[in-house]
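# Structural overview for review
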2 protein chains.
Amino acid sequence: MDTIINKVDTKGRVSLPSDYRAIVKELSTEIVCYRSLTSPCIEGCAEELLEKIASDMETSLDFFSQTQDDLTNLIFGDARRFSFDSTGRILLTEKLLKHAQITDTAVFVGKGRKFQIWNPENWEKEEARIRAEIFKNRPSLTNKGGM
Amino acid sequence: MDTIINKVDTKGRVSLPSDYRAIVKELSTEIVCYRSLTSPCIEGCAEELLEKIASDMETSLDFFSQTQDDLTNLIFGDARRFSFDSTGRILLTEKLLKHAQITDTAVFVGKGRKFQIWNPENWEKEEARIRAEIFKNRPSLTNKGGM
DNA sequence: AAAAATCCCATGATATACCATCAAAGAAGG
DNA sequence: CCTTCTTTGATGGTATATCATGGGATTTTT
């Protein structure tokens, strides 16, 4: 949950927001990050969730399809474990930072059981896009829980 | 639940009205707040309501849909837990206060299982608007129970 | 040996917990 | 019916703990 802005220092280190850490820490001292398949951002989650995502994909896509194969390859091929140090920081790689166009500031966006890391300007645009989109489709959502 | 006016101090702290607190406290010591999608106000609810909305979405929209992706970003990205201290106060963030245009006074409005927090002037206008709206539709109400 | 990654400590900022005061509402007693 | 006492809730202030972040120092890798 929540959106948090943190600095990326010259070494590429970022503090994982403490709330996120607290949740992950119940399980382990590591997270898994990979390049988002659909957006210029980094995605992160606990390791066991990644396995769940993979199996979700298997059920929601045709089991023998080429697409499903490609997707799992893509994610697992890209994903890497990142352990955070005693102060709660992780060291992001060039590849990830470049994909998300992040230089010195990172925006953490909660997404339920996973999260995304964005370049501030990109996230600003993305959020505006989403708000506009949701607002447009609002009538079809009101039945679904009443936000 | 009725409408209650409380002060927001220089740090952004507000007392959650005791009635509201009593209801939430049966469940936990935390509430979840986020920017309303449709009005310049803050919305708050118990955490499990948010989880329910999230899981409703998971079942009603399919895994790879853009809408589902957008919604989780918007809801979990914006919402945050707020735990209240021993005197029953929460510390609202700049983002929320700004969205609701609240500076030093906040109006709490009960809305069933959730509530809203308004800037006093905005709420006054909103209430007038709602009353006018209801009055306009009065003919269709009188048959149904006599308000 | 140079570069990169990891660890550890120091610091400033900020959220959180805690204590004290004050006002409003209600109950009990004259 | 009014007064006084008690309780509860809101608000202000302050101390404490937590967290983000910068700067080495140490270790590992190539």
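Residues numbered from 1 in each chain as written. Chains lettered and ligands numbered in written order. Predicted model: local features only at pLDDT ≥ 70, side-chain atom pairs only at ≥ 80, totals over all residues. Heavy atoms only, no water.

## A closer look at the pairing of strand 4 (residues 42-45) of chain B
In strand 4 of chain B, alternate side chains face the same way, and those of Ile42(B) and Gly44(B) on one face and Glu43(B) and Cys45(B) on the other are all buried. Hairpin remark: strand 3 (residues 30-35) of chain B followed by strand 4 of chain B, antiparallel, with six residues in the connecting loop. (Buried < 20%, exposed > 50% of the residue type's maximum accessible area, 1.4 Å probe, protein only. Helix = DSSP H or I, 4+ residues; strand = E, 2+ residues; numbered from the N terminus. Pairing = 2+ DSSP bridges.)

## What about the packing of aromatic side chains?
Counted under the stated rule, the structure contains eight aromatic pairs over all chains. Their ring planes at 80 degrees and their centres at 5.3 Å tell us that Tyr20(B) and Phe115(B) sit as a pair that is edge-to-face. You can see Tyr20(B) sitting in helix 1 (residues 18-25) and its partner Phe115(B) sitting in strand 8 (residues 114-118), a full 95 residues away along the chain. Each of the two residues, Tyr20(B) as well as Phe115(B), counts as buried. Judged by centre distance (5.5 Å) and plane angle (55 degrees), the ring pair of Trp118(B) and Trp123(B) falls under tilted. Just as Trp118(B) is buried, Trp123(B) falls in that class too. Joined through ring pairs, the aromatic side chains of Tyr20(A), Phe108(A) and Phe115(A) make up one cluster. Here Arg80(A) stacks its cationic end above the ring of Phe82(A), 4.3 Å away from the centre of that ring. (Phe/Tyr/Trp six-rings, centres within 6.5 Å; stacked < 30°, edge-to-face > 60°. Lys NZ or Arg CZ within 6 Å of the ring centre and 35° of its normal.)

## Section: unusual backbone geometry
Residues and elements named next belong to chain A. Even without glycine at this site, Asp2 takes up a positive phi of about 80 degrees. In this structure, Gln101 is a non-glycine residue whose phi angle is positive, near 55 degrees. In this fold, Gln101 is placed in the loop between helix 4 (94-99) and strand 7 (105-111). Under the relative-accessibility criterion, Gln101 is labelled partly exposed at 46%.

## Brief notes about the relation of the copies chain B and chain A
Each copy of the sequence occupies a distinct position, and chain B is placed on chain A by a rotation of 27 degrees and an axial shift of 10 Å, giving an RMSD of 1.1 Å. Interface overlap between copies is the fraction of interface residues in one copy that are interface residues in the other; for chain B against chain A it is only 19%, indicating separate surfaces. (Least-squares fit on C-alpha atoms with pLDDT ≥ 70 in both. Contact = heavy atoms within 4.5 Å.)

## So, the environment of Lys98(A)
For Lys98(A), the position within the fold is in helix 4. On a C-alpha basis, the gap between Lys98(A) and Pro40(A) in space is 9.1 Å, while along the polypeptide they are 58 residues apart.

## Concerning the protein's contact with DNA strand D
Around DNA strand D, the surrounding shell holds 24 residues, and the nearest of these are Lys11(A), Arg21(A), Lys11(B), Arg13(B) and Arg21(B). With respect to DNA strand D, the side chain of Arg13(A) contributes an N or O atom lying 2.9 Å from a base oxygen. Grouping the constituent residues of the surface near DNA strand D by class yields four nonpolar, eight polar and twelve charged. (Near = heavy atom within 4 Å. Polar contact = N/O pair within 3.5 Å; in protein donor to acceptor, adjacent residues only side chain to side chain. Nonpolar A, V, L, I, M, F, W, Y, C, P; charged D, E, K, R; others polar.)

## Some details on the protein's contact with DNA strand C
The immediate surroundings of DNA strand C are formed by Lys11(A), Arg13(A), Thr87(A), Arg89(A), Leu91(A), Arg13(B), Arg80(B), Asp85(B), Thr87(B), Arg89(B) and Leu91(B). Within the side chain of Arg13(A), a nitrogen or oxygen atom sits 2.9 Å from a base nitrogen of DNA strand C. Between a base nitrogen of DNA strand C and a side-chain N or O atom of Arg89(A), the distance comes to 3.5 Å. When residues of the surface near DNA strand C are traced back to their parent elements, those giving at least two are strand 6 (89-91) of chain A together with strand 6 (89-91) of chain B.

## Side note on the sheet that holds strand 5 (residues 80-83) of chain A
Two pairing modes exist for strands in a sheet, parallel and antiparallel, and in both the strands are linked by backbone hydrogen bonds. Residues and elements named next belong to chain A. In spatial order, the strands read 1-7-8-4-3-5; together these six strands make up an open sheet with antiparallel pairing. Two strands in the sheet have a free side with no partner beyond their single neighbour: strand 1 (3-7) and strand 5. Here the average twist between neighbouring strands, direction ignored, is 30 degrees. Examined bridge by bridge, strand 3 (residues 30-35) and strand 4 (residues 42-45) share four bridges and lie antiparallel to one another. Each bridged residue has a counterpart across the sheet, and for Arg35 the counterpart in strand 4 is Ile42. (Axes fitted to C-alpha atoms, helices over the stretch in contact; angles between N-to-C directions.)

Nothing here speaks to function; it is all geometry.
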